[in-house]
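Here is how the chains run, residue by residue.
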Amino acid sequence: MFFLRQPEVIELEVFSSMPAHYRRDGRRSNWADANRGGRPAHSFLEGPVFDQAGNLYVTDVPWGRVFRIDPRGHWDLVVEYDGEPNGLKFLDDRRLVVTDYMNGLLSLDVATGEVRPFLTRRNTERFKGVNDLTFDSQGNLYFTDQGQTGLQDPTGRLYRLRPTGQLEELLSNVPSPNGVVLAPDEQVLYLAATRGNCVWRVPLFKDGGIGKVGQFFTSFGPVGPDGLASDEAGHLFVANPGLGLVWMLDGKAQPVALLKGQDGSSTTNMAFGGADNKTLYVTDSTNGTVLVAALTAPGIRVRRGS
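What you see is a predicted model; the values in this text were computed from it and never measured.

Definitions and cut-offs
Residues numbered from 1 in each chain as written. Predicted model: local features only at pLDDT ≥ 70, side-chain atom pairs only at ≥ 80, totals over all residues. Heavy atoms only, no water. Helix = DSSP H or I, 4+ residues; strand = E, 2+ residues; numbered from the N terminus. Rg over C-alpha atoms; globule rule 2.2 N^0.38 Å. Contact = heavy atoms within 4.5 Å. Lys, Arg positive; Asp, Glu negative; His and termini not counted. Charge placed at Lys NZ, Arg CZ, Asp CG, Glu CD. Polar contact = N/O pair within 3.5 Å; in protein donor to acceptor, adjacent residues only side chain to side chain. Pairing = 2+ DSSP bridges. Axes fitted to C-alpha atoms, helices over the stretch in contact; angles between N-to-C directions. Phe/Tyr/Trp six-rings, centres within 6.5 Å; stacked < 30°, edge-to-face > 60°. Lys NZ or Arg CZ within 6 Å of the ring centre and 35° of its normal. Core = buried A, V, L, I, M, F, W, Y, C linked by side-chain atoms within 4.5 Å. Buried < 20%, exposed > 50% of the residue type's maximum accessible area, 1.4 Å probe, protein only. Salt bridge = Lys/Arg side-chain N within 4 Å of Asp/Glu carboxyl O. 1 Å grid on protein atoms, 1.4 Å probe; cavity = no way out; pocket = protein on both sides within 12 Å on 5 of 7 lines; lining within 4 Å. Points joined across faces, edges and corners; volume = space filled by probe spheres on them. Nonpolar A, V, L, I, M, F, W, Y, C, P; charged D, E, K, R; others polar.

*Asks:* I keep staring at the overall build of the chain and nothing clicks. Help me out?
*Replies:* Counting its regular elements, the chain contains one helix and 27 strands. For 306 residues, the compact-globule formula gives about 19 Å, and the C-alpha radius of gyration of the chain, at 18 Å, lands near that figure. Seen through its principal axes, the chain has C-alpha atoms that stretch 45 × 45 × 40 Å. Considering only intrachain contacts with a sequence separation of at least 6, the fraction spanning at least 24 residues in the chain is 44%. In the chain, 31 side chains carry a positive charge and 35 a negative one; their mean positions are 3 Å apart.

Here is the structure:
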């Protein structure tokens, strides 16, 4: 990869680490057998999102758990259930929408820990395995259906669920669709295609259709882009677990900074938080930690469903 300008390297620091009593050391799971070559996973953190009080919520995919981490870094188990939760976004002040690989879209009451179905099937057909999600300002929910798709089976899907309940399939040819984020003007959706090792640019038309989809950014390495985020300065942040870093890209997809985790990090997803919304929080999935970096521009405020 050739750079006209050498990107700044920013070291990610540890904000908080999963306490030892929550780690499932030495235990095998069905998820790890399929996705980590049988290597045990004490946890695999994903889906960071903040509530209005500054608490950070994260999922633990193989063990069906959702945690709340307070501003001081203290962990609290919100729920443990039979599922594989990944992405999280708030529907309202107390309910999260969860993209669950096993169960489809679920609703989680963070006050009681109650998990309910939200959208588990489409016309009685199960999803391949939903992964990540984002709301727009009109309450439309965009989510990815990844399953085990990849270059060998590029049939991953991108959906839009309208507040009316109408479900629209926008794309059905993605090699492992993962993270999704909207541009500030909501005219473009960025979509991580993990096994394609790239990020797609999806134009959104006012009539509800999509325009010519293109490949916005190309990465490299054993595992491609995962979670996405954006800031008010127009930067796109791309978590790249296979490289243990986060790309910070300008509007032309040129890297302006690399946010680097410690050796062995698996940087999977991100959320902006802190008092000024200028701190980027990054899940380091294999190490069971949340990493942080202080940045200069605030992140785009994450939309809610209502």
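*Asks:* Just to check I follow, could you spell out the environment of Ser 17 for this structure?
*Replies:* Tracing the backbone through its elements, the reader meets Ser 17 in strand E2 (residues 13–17). Between the C-alpha atom of Ser 17 and that of Gly 73, which follows or precedes it by 56 residues, the distance is 8.0 Å. Each residue touching Ser 17, except ones within four places of it in the same chain, is listed here: Arg 23, Trp 75, Gly 288 and Thr 289. In terms of polar contacts, Ser 17 uses its side chain to reach the side chain of Arg 23, at 2.8 Å.

*Asks:* Help me out: how do you make sense of the sheet that holds strand E5 (residues 65–69) in this one?
*Replies:* Taken in spatial order, the four strands line up as E3-E4-E5-E6 in an open sheet, and their pairing is antiparallel. The open sheet terminates on both sides in strands that have one partner only, identified here as strand E3 (45–50) and strand E6 (75–80). Strand-to-strand twist across the sheet, computed as the mean angle between neighbouring axes with direction ignored, equals 25°. Direction of pairing for E5 relative to E6: antiparallel, over a ladder of five bridges. In the strand pairing of E6, Arg 68 is matched with Asp 76.

*Asks:* Would you explain the packing of aromatic side chains in this entry?
*Replies:* Working definition: an aromatic ring pair is given by the centre-to-centre distance plus the angle between the planes. Enumeration according to the criterion identifies 13 aromatic pairs in this entry. Between Phe 217 and Trp 247 the ring centres are 5.3 Å apart and the planes differ by 65°, which places this aromatic pair in the edge-to-face class. Taken as a pair, Phe 217 in strand E20 (residues 214–218) and Trp 247 in strand E23 (residues 245–249) lie far apart in primary sequence, 30 residues in all. Ring pairs connect the aromatic residues Phe 15, Phe 50 and Tyr 281, which therefore count as one cluster. The ring of Trp 63 has Arg 27 sitting right over it, with the charged end atom 4.9 Å from the ring centre. If you follow Arg 304 out to its NZ or CZ, it ends over the ring of Phe 90, 4.8 Å from the centre.

*Asks:* What is the right way to look at the sheet that holds strand E1 (residues 8–11) in this model?
*Replies:* What holds strands together in a sheet is hydrogen bonding between their backbones, with the strands either parallel or antiparallel. Taken in spatial order, the five strands line up as E1-E24-E23-E22-E21 in an open sheet, and their pairing is mixed. The open sheet is flanked by E1 and strand E21 (228–230), the only strands paired with a single partner. Taking the axes of each pair of neighbouring strands and ignoring which way they run, one obtains an average angle of 20° across the sheet. Examined bridge by bridge, E1 and strand E24 (residues 255–260) share four bridges and lie parallel to one another. For Glu 8, the partnering residue across the bridge sits in E24 and is Ala 257.

*Asks:* Please clarify how the environment of Thr 164 should be interpreted in this entry.
*Replies:* Looking at the element boundaries, Thr 164 is found in the loop between strand E15 (156–161) and strand E16 (167–174). Here the side chain of Thr 164 touches Gln 166 through a polar contact of 3.4 Å, landing on its backbone nitrogen.

*Asks:* Help me understand the nonpolar core in this model?
*Replies:* Most often, soluble globular proteins keep nonpolar side chains buried together rather than apart. Counting 17 residues, the largest nonpolar core has Phe 237, Val 246, Leu 259, Met 270, Leu 280, Val 282 and Leu 295 as the members making the most contacts within it. The dominant element in this core, judged by the number of residues it contributes, is E24, at three residues. Setting aside residues up to four positions removed in sequence, Leu 295 forms contacts with Ile 10, Phe 237, Leu 259, Phe 272, Lys 278 and Leu 280. If you look at the next biggest cluster of nonpolar residues, it comprises 16 residues, including Ala 183, Val 188, Ala 192 and Ala 253.

*Asks:* Help me out: how do you make sense of the pattern of salt bridges in this one?
*Replies:* Between side chains of opposite charge, pairing is possible as soon as their charged atoms come close. Taken as a whole and judged by the stated rule, the model has 15 salt bridges. The salt bridge partner of Asp 70 is Arg 72, with a shortest N-O separation of 3.4 Å. It is possible to trace a salt-bridge network through shared partners that takes in Arg 160, Arg 162 and Glu 168.

*Asks:* What's the story with the layout of surface pockets in this structure? I'm lost.
*Replies:* One simple way to see leftover space: roll a probe sized like a water molecule over the atoms. Taken as a whole, the largest pocket holds about 820 Å³ of empty space. Phe 272, Asn 277, Ile 300, Arg 301 and Val 302 are the residues nearest the centre of the largest pocket, which is lined by 42 residues in total. Breaking the lining of the largest pocket down by element, the ones donating at least two residues are E3, strand E7 (85–90), strand E13 (130–135), strand E17 (177–182), E21 and strand E25 (267–273). Residue contributions to the lining of the largest pocket peak at five residues, all from E25. Considered class by class, the residues forming the lining of the largest pocket number 25 nonpolar, nine polar and eight charged. If you add up the space inside the second largest pocket, you get close to 680 Å³. Looking at the second largest pocket, it is lined by 30 residues, and the ones nearest its centre are Trp 31, Asn 35, Phe 44, Gln 146 and Arg 195. Elements that contribute at least two residues to the lining of the second largest pocket include exactly helix H1 (30–35) and E13. Counting residues per element, the lining of the second largest pocket draws most heavily on H1, at four residues. Residue classes in the lining of the second largest pocket are distributed as nine nonpolar, 15 polar and six charged.

By themselves these figures say nothing about function.
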